[in-house]
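Coordinate inspection notes
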Amino acid sequence: MNGFQVVVLWSDALLALLLLACGAGIAAALRREHLRRAWRAVFANRSAMAALVVLLAYLLVAILDSFHFRPALERQAAASAAPAQYSVEVLSLLDVALARMRTTREDSYSAPFATHAFRKRMIEMPDGTQQRDYPRLQFGGAQLADPAADRGADIARRGLGGAAAGLALWAFMAGALAVFVARGRREPVRRTLGAILGGNTEVAWGAFGWMLLLVLCAGGALFALSGGYHVLGTDATGNDVLYQTFKAMRIALLIGTLATFVVLPLGIGLGLAAGYFGGWVDDLIQYVYTVISSIPYVLLIAAASLMMQLVIEQHAEVFDTAAARADARLVALCVIIGAISWTTLCRLLRAETLKLRETDYVQAARCFGVSGVRIMLRHILPNAFHIVLITLVLEFSGLVLAEAVLSYVGVGVDPTTTSFGTMINNARGELAQDPVIWWSITAAFVFMVALVLAANLFADAVREAFDPRAAALPRRRRVPRESAA
Amino acid sequence: MIAYLLRRLLLAVPTLIGVNLLLFTLFFVISSPDDMARAQLGAKRVTPEAIERWKADRGYDKPLFWNAQAAGRARFTETIFVQKSARMFLFDFGKSDAGRDINRELSTRMWPSLALALPVFLVGLFVAITLALLLAFLRATWLDFTGVIVCVVLMSISSLFYIIAGQYLVARVWNLVPISGFATGLDAARFLALPVAVGVLAGLGSNVRWYRAIFLEEIGKDYVRTARAKGLSELAVLFRHVLKNGMIPILTGTVVVIPSLFLGSLITESFFGIPGLGTFTIEAILMQDFAIVRAMVFIGSVLYIAGLVLTDLSYTLVDPRVRLQ
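Predicted model, so just to flag it, every value in this text is computed and none were measured.

Calculation rules
Residues numbered from 1 in each chain as written. Chains lettered and ligands numbered in written order. Predicted model: local features only at pLDDT ≥ 70, side-chain atom pairs only at ≥ 80, totals over all residues. Heavy atoms only, no water. Helix = DSSP H or I, 4+ residues; strand = E, 2+ residues; numbered from the N terminus. Contact = heavy atoms within 4.5 Å. Lys, Arg positive; Asp, Glu negative; His and termini not counted. Charge placed at Lys NZ, Arg CZ, Asp CG, Glu CD. Phe/Tyr/Trp six-rings, centres within 6.5 Å; stacked < 30°, edge-to-face > 60°. Lys NZ or Arg CZ within 6 Å of the ring centre and 35° of its normal. Buried < 20%, exposed > 50% of the residue type's maximum accessible area, 1.4 Å probe, protein only. Buried area = accessible area lost by both parts, 1.4 Å probe. Salt bridge = Lys/Arg side-chain N within 4 Å of Asp/Glu carboxyl O. Polar contact = N/O pair within 3.5 Å; in protein donor to acceptor, adjacent residues only side chain to side chain. pLDDT = per-residue confidence, 0-100. Pairing = 2+ DSSP bridges. Axes fitted to C-alpha atoms, helices over the stretch in contact; angles between N-to-C directions. Left-handed = near helix turned anticlockwise from the far one by under 90°. Nonpolar A, V, L, I, M, F, W, Y, C, P; charged D, E, K, R; others polar. Core = buried A, V, L, I, M, F, W, Y, C linked by side-chain atoms within 4.5 Å. Domains from an automatic or database assignment. Arc of directions from axis to C-beta. Patch = residues over 30% accessible without salt bridge, like charges linked within 9 Å, V, L, I, M, F, W, Y side chains within 5 Å. Areas by Shrake-Rupley, 256 points an atom, 1.4 Å probe, with all protein chains shown as cover.

All right, on to the overall build of chain A then. The number of helices and strands found in chain A is 18 helices and 5 strands. Along the first, second and third principal axes, the C-alpha set of chain A runs to 95 × 65 × 55 Å. In chain A, the share of contacts with a sequence separation of at least 24, taken over all contacts with a separation of at least 6, comes to 73%. Charged side chains of chain A number 43 positive and 36 negative; the gap between the two group centres comes to 11 Å.

Following this line, the structure appears as structure tokens:
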């Protein structure tokens, strides 16, 4: 590698901004006792903590995949004085970490852990004759001298080795965590370990630890195995499916979160204004959100993104790389989704503001002559903020699922972007083939369900902890903590 | 009642005007007919003449709001706004960009859509309510707990997977039904069985969980305690009291979709090759046929608003306390 040029895509910048905002939000929540108590209730929930591990793992992949750069091309010796030329291909840190998966391209389909291609082809035998047979893969299992005999042992050795490395990493992290928790509890580490294993800690570290063990071991094994095989096979053009699934994680997370940049200002601003000012402001805002929400969701997104595609196609010269154009389409899709889905938040906030407007402290503030905007921001918004949080968290999993449908309809992400939607879309034809090509769709299925399930479980815990009404519901449950209801 | 209905319908008019204006902005202001023509004709052989011809053939060559070249009333009527947007209020959608008569397509394609969507709706509602009541009956046992977990897992699976897995297993491996296609008459049952089953299963998770929460909320109320105190059996309490009262919030959430059943389901229809409105819409989106997309969005909101009116009416039917003024 001889130099590189940092590329900041729009989505990277927005994700960084979002993470900063999250950090600021956490710092603010830590200073307020009632918020701390609500978050403690979330962290005491075992399924939420297990889900958090999965979400953090996806987030880590997404963050790694969000540092983009263009590597410099090899310079000719004669022209070394010329300015460096950079590749048109945009890479990310994740691409570097998974360089083997990215670069080991086969010709076409191959099954998971395969050493031979999926289809027969004319190959040249060592004695010069031609024969129709399954050719050896260029990279998958290329290290094996006799694939039929050695493959099982090699897979077991690599898999166990990777899992052991994951286990070692886990032991180190778990130990550090135990020491950290023990310090907080001001007791010996041994007692803390007992409490964690017995599930008696205030934060459900037990569930967190076990899930971390699972994720690290699986991750370690996958990484070690991918050094010698295509763990999840390859697709029609020979690309590693596992690598594609990793790339799809970032897209899924972005789709699920970037819409907040539009939803938050519109939803909060208009919701508060409608509830607080009432009168014609309220009528107007209600009218706007009735109009938007009366159009079927998918149809409106389809119409809007058809138009957006037109605009991007007409101005293709603005983008210097294909990645930048695909990224523009992704961000535009998020903006469209946001511009359509702010109505839920707006309606909920309006209703809450109508209630809060009549409370004594708001009346008092008004008597002191505090301005309307200040009252909304200082007195109403903090007391209605749980609604914002719950709405955003609940919407995440729905958006990840929506991406798949939208990409299938042809109005989702750019076809060159690997997302769960495009993977499923491509897999449609593969299932009709004989013998069936099942690995792409299975990979998309497993990784997508894991993400959405984790998001759903975490969202449930957040809603339960923050929604005063949910807590007041008379539910007699004898299975308290892990219930997902 | 009639007066209320009339007022509700009148109130829908400004909303539809808003939808119409939004569509107009999206399709004609943000991107011009020139862009559409270029996208339709493909990038290579775009000449200004070809664009003009494309626009003239489809009536996109008029000015947006004000036709200075025409005389009299035609100054207003011979514009894109009136011809393409305002005419949708008369349910006259004109021709699609590919030259098909949209109204005719709508009236023929509506029925296959309904044949799929109506069974999915009815069977889905019945199964979801039954299961939710069962979970409410078993509340706070491990069966209930497992049921809720299963619901969350079902919810977390994209509807695409249900369709793909159903097609693969039932139609391809077990060979029970045709993979896709459609027929009229009784023969349709053979083609619709799988899509209906898939549609029901795909909606089951979230609905069962939601209905269960509704039933549990009812179970905690005082009248249920009274019913138990006077010695009613648990089943009688559930069916005679909890189910009836739980139906009120359930109806609010479901009646609203009834008119939209005509629209069909986008992905189910296109996967199973059912020639309904869902397939029609998807094809239009893929072919970038803007006239059809515009028409479908408008019809979608008309049906949704009709659903809202129906919801209000259904309140009076199930809850005698509600009176519409």
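Moving on from the coordinates now.
As a further point, take the packing of aromatic side chains. Taken as a whole and judged by the stated rule, the model has 15 aromatic pairs over all chains. Taken together, the ring pairs connect A:Tyr109, A:Phe118, A:Trp438 and A:Trp439 into an aromatic cluster. Of note, B:Arg294 hangs over the ring of B:Phe27, and the distance from its end group to the ring centre comes to 5.8 Å.

Attention now goes to helix α13 (residues 277-287) of chain B. Of all the 11 residues making up α13(B), 8 are buried; the element is thus mostly covered by neighbouring parts of the structure. Packing partners of the buried residues in α13(B) comprise α12 (297-314) and α15 (372-409) of chain A together with α6 (102-137), α12 (266-272) and α14 (290-318) of chain B. Positive backbone phi, at 55°, marks B:Gln288, one or two positions downstream of α13(B).

Attention now moves to the interface of chain B and chain A. Taken together, the 54 residues of chain B in the interface contact 54 residues of chain A. For the chain B and chain A pair, buried surface summed over both sides reaches about 4,700 Å², with 74% attributable to carbon and sulfur atoms. Contact with chain A buries area across many residues of chain B, yet B:Ser156, B:Phe161 and B:Ile285 alone supply 13% of it, more than any other trio. Inspection of the chain B/chain A interface yields 1 salt bridge. Note that A:Asp460 and B:Arg209 form a salt bridge whose closest N and O atoms lie 2.9 Å from each other. At the surface where chain B touches chain A, the tally comes to 6 residue pairs in polar contact (both at pLDDT 80 or more). Elements supplying a minimum of two residues to the side of chain B that touches chain A: α1 (2-30), α2 (33-41), α7 (142-155), α8 (159-173), α9 (188-219), α12, α13 and α14 of chain B. By residue number, the principal contributor to the side of chain B that touches chain A is α1(B), which donates 9 residues.

All names here are of chain A. For chain A, mean pLDDT is 84; residues scoring 70 or higher make up 94% of the total. Highest mean pLDDT in chain A belongs to helix α3 (residues 46-64) (93); lowest belongs to helix α18 (residues 468-472) (54). Confidence over residues 471-485 falls short of pLDDT 50; this stretch has 28 contacts with residues more than four positions distant or in other chains.

So, on to the sheet that holds strand β2 (residues 68-71) of chain A. Residue and element names in this part refer to chain A. The antiparallel open sheet is built from 3 strands, whose spatial order is β1-β2-β3. Looking at the sheet topology across the chains shown, the edges are occupied by β1 (4-7) and β3 (91-92). Strand direction decides the pairing type here: β2 and β3, joined by 2 bridges, are antiparallel. In the strand pairing of β3, histidine 68 is matched with serine 92.

Now for the pairing of β2(A). Residues and elements named next belong to chain A. Side-chain alternation along β2 places His68 and Arg70 on one buried face and Phe69 and Pro71 on a second face that is also buried. Strand direction decides the pairing type here: β1 and β2, joined by 4 bridges, are antiparallel. Bridge pairing in β2 places valine 6 opposite phenylalanine 69.

What follows covers the packing of helix α16 (residues 420-430) of chain A against helix α17 (residues 439-466) of chain A. All names here are of chain A. Contact geometry for α16 and α17: axes closest at 8 Å, N-to-C directions at 150°. The handedness of the crossing between α16 and α17 comes out as left-handed. Facing Phe420, Met423, Ile424, Ala427 and Glu430 of α16, the residues of α17 in contact are Ser440, Ile441, Ala444, Phe447 and Met448. Looking at the contact of α16 with α17 residue by residue, the classes come out as 8 nonpolar, 1 polar and 1 charged.

Moving on to unusual backbone geometry. Positioned with a positive phi, A:Phe113 is a non-glycine residue whose angle comes to about 60°. Its location among the elements puts A:Phe113 in the loop between α5 (99-103) and β4 (121-124). Even without a glycine there, the phi angle at B:Gln288 is positive, about 55°.

Residue and element names in this part refer to chain B. The residue aspartate 289 is located in the loop between α13 and α14 in this model. No salt bridge is formed by the buried aspartate 289; the nearest opposite charge belongs to arginine 100, separated by 5.6 Å. Residues in contact with aspartate 289, not counting those within four places in the same chain, are Gln40, Ser96, Asp97, Ala98 and Ala284.

Counting 194 residues, the largest nonpolar core has A:Ile424 and B:Phe27 as the members making the most contacts within it. The biggest single contributor to this core is α15(A), with 18 residues. Inspection of this core shows a minimum of three residues originating in each of domain 1 (2-90) and domain 2 (102-323) of chain B. Once residues lying within four places of it in the same chain are set aside, the contact partners of B:Phe27 are A:Ala303, A:Met307, B:Met36, B:Phe290, B:Val293 and B:Arg294. With 26 residues, the next largest nonpolar core counts B:Ala117, B:Phe121, B:Ala128 and B:Leu243 among its residues.

The next subject is the side chain of A:Thr115. Within the secondary structure, A:Thr115 is located in the loop between α5 and β4. Every residue in contact with A:Thr115, bar those within four places of it in the chain, is listed here: A:Arg136, A:Leu137, A:Gly140, A:Gly141, A:Leu144, A:Pro147 and A:Arg151.

For the rest of this paragraph, the subject is helix α3 (residues 48-58) of chain B. All names here are of chain B. Buried within α3 are the following residues: Ala50, Ile51, Trp54 and Lys55. Along the axis of α3, the buried residues cluster in a sector spanning 130°; they form a single face. Exposed and facing more than 90 degrees away from the buried side of α3 are Pro48, Glu49, Arg53 and Asp57. Buried residues in α3 make contact with α2.

It is worth spelling out the confidence of the model for chain B at this point. Residues and elements named next belong to chain B. The share of residues in chain B with pLDDT of 70 or more is 98%, and the mean pLDDT across the chain is 84. No element of chain B has a lower mean pLDDT than helix α4 (residues 74-77), at 70, and none a higher one than α7, at 92. If you check the scores for this complex, the pTM reads 0.88 and the ipTM reads 0.86.

Residue and element names in this part refer to chain A. Along the polypeptide, isoleucine 292 turns up in helix α11 (residues 279-293). Sequence-wise, isoleucine 292 and threonine 343 are 51 residues apart; in three dimensions their C-alpha atoms are separated by 7.6 Å. With residues near it in sequence (within four places) discarded, isoleucine 292 still touches Leu300, Ala339, Ile340, Trp342 and Thr343.

Moving on, we come to the domain arrangement of chain B. When the parts of a complex come together, some accessible area is lost, and that lost area is often used as the size of the interface. Residue and element names in this part refer to chain B. Domain annotation of chain B identifies domain 1 (2-90) and domain 2 (102-323). Computed from C-alpha atoms alone, the centre-to-centre distance between domain 1 and domain 2 is 35 Å. Contact with domain 1, which involves 19 residues of that partner, is made by 17 residues of domain 2. Taking both sides of the interface into account, the surface hidden between domain 1 and domain 2 amounts to around 1,600 Å²; carbon and sulfur atoms contribute 74%. When the area that domain 1 buries against domain 2 is broken down by residue, the three leading residues are Arg8, Phe27 and Met88, summing to 31%. Inspection of the region where domain 1 meets domain 2 yields 1 salt bridge.

Below, the discussion takes up the environment of A:Val405. Residue position: A:Val405 is located in helix α15. In the structure, A:Val405 is positioned 198 residues away from A:Ala207 in sequence and 33 Å away in space, judged by C-alpha atoms.

Judged by side-chain polarity, A:Trp280, A:Leu284, A:Tyr287, A:Val288, B:Leu10, B:Val13, B:Ile17, B:Leu21, B:Phe89 and B:Leu90 come together as a nonpolar surface patch covering roughly 980 Å² of accessible area. Breaking the nonpolar patch down by element, the ones donating at least two residues are α11 of chain A together with α1 of chain B. Positionally, A:Trp280 belongs in helix α11. Look at A:Trp280 and you get exposed, because its relative accessible area is 65%.

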